[in-house]
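Topology and contacts: notes
Single-letter residue listing:
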Amino acid sequence: MTPTSSPPSAGRELDHPDRTEIRLEHVLHAFADPMRLAVVRQLADGLAEQPCSALELPVTKSTSTHHFRVLRESGVIRQTYRGTAKLNRLRRDDLDALFPGLLDSVLAAAAGSNPPRDA
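Now for a look at the structure at hand. (Residues numbered from 1 in each chain as written. Predicted model: local features only at pLDDT ≥ 70, side-chain atom pairs only at ≥ 80, totals over all residues. Heavy atoms only, no water.)

Here we look at the packing of helix α1 (residues 24-32) against helix α2 (residues 34-45)
Threshold: Note on method: axes are straight lines fitted to C-alpha atoms, helices fitted across the in-contact stretch only, with angles between N-to-C directions ranging 0 to 180 degrees. Think of it this way: any DSSP run of H or I at least four residues long counts as a helix, any run of E at least two long counts as a strand, and we number them from the N terminus. Orientation labels follow simple angle bins: below 35 degrees gives roughly parallel, above 145 gives roughly antiparallel, 65 to 115 gives roughly perpendicular, and whatever is left gives oblique. Pairs of residues are marked as contacts when any of their non-hydrogen atoms sit within 4.5 Å. Under the grouping applied here, Gly and all other residues not named as nonpolar or charged are polar, the nonpolar ones being Ala, Val, Leu, Ile, Met, Phe, Trp, Tyr, Cys and Pro and the charged ones Asp, Glu, Lys and Arg.
The N-to-C vectors of α1 and α2 enclose an angle of 95°; their axes lie 5 Å apart at closest approach. Between α1 and α2, the angle falls in the class roughly perpendicular. Here α1 contributes H29, A30, F31 and A32 to the contact with α2, which in turn contributes P34, R36, L37 and V40. Of the residues that constitute the contact of α1 with α2, the class distribution is 6 nonpolar, 1 polar and 1 charged.

Structure representation (structure tokens):
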């Protein structure tokens, strides 16, 4: 998949697929990995935008970077720079418009398969 976007301004813009370029198979691939699904769950449960450092993953920084890139290039998240921080947010509106109910179903299934430890 080759994302298309406007030319970078000041070198701090990241490529994101346009809504029309988001493909179901890429979104499902992004959801299929437990680490990426953990990021999606944290973004869905948290603030509108969260820095990468707030989304803790039990992997190396390079592996974490890879997971964020897959999520961004598949159209699941949007990443923007604010100062030196890279902020992440779910592209819920785009996903819901293209694949109604998919994100909520995936989140519900993930919550059911991973009960809280103190339960």
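Quick look at the nonpolar core
We count it as follows: Residues grouped as a nonpolar core are buried Ala, Val, Leu, Ile, Met, Phe, Trp, Tyr and Cys residues, joined through side-chain atoms within 4.5 Å. Exposure classes here rest on a 1.4 Å probe applied to the protein chains alone. A residue is buried below 20% of its type maximum, exposed above 50%, and partly exposed in between.
Membership of the largest hydrophobic core comes to 23 residues, with the highest contact counts inside it found for V27, F31, V40 and V76. Counting only elements with at least two residues in this core, the list comes to α1, α2, α3 (61-74) and α5 (102-113). The element best represented in this core is α5, accounting for 5 residues. Once residues lying within four places of it in the same chain are set aside, the contact partners of V40 are F31, L71, V76, L90, L103 and L107.

A few points about α3
The test is simple: Here a helix's expected span is defined as the number of its residues, less one, multiplied by 1.5 Å.
The terminal C-alpha atoms of α3 lie 20 Å apart, and with 14 residues this matches the ideal 20 Å at 1.5 Å per residue to within 8%. Those residues of α3 that fall on the buried side of the exposure criterion are S64, H67, F68, V70, L71, R72 and S74. Here the buried face of α3 lies against α1, α2, β2 (77-82) and β3 (85-90). Of the residues one or two after α3, G75 is the one with positive phi, at around 95°.

Considerations on the environment of F68
Structurally, F68 can be placed in helix α3. Separated by 33 residues in sequence, F68 and M35 place their C-alpha atoms 9.6 Å apart. With near-sequence residues (within four places) excluded, F68 lies in contact with V39, C52, L55, L57, I77, Q79 and N88.

Examining the sheet that holds β3
Threshold: When DSSP finds two or more bridges between two strands, those strands count as paired.
If you trace the 3 strands from one edge of the open sheet to the other, you get β1-β3-β2, paired in antiparallel fashion. In this open sheet, the two edge strands, each paired with only one partner strand, are β1 (50-51) and β2. Two elements, β2 and β3, share 6 bridges in a ladder whose sense is antiparallel. Each bridged residue has a counterpart across the sheet, and for R78 the counterpart in β3 is R89. α2 contacts β1, β2 and β3 of the sheet and is inclined by roughly 85° relative to β3. Contacting β2 and β3, α3 runs over the sheet at an angle of about 115° to β2.

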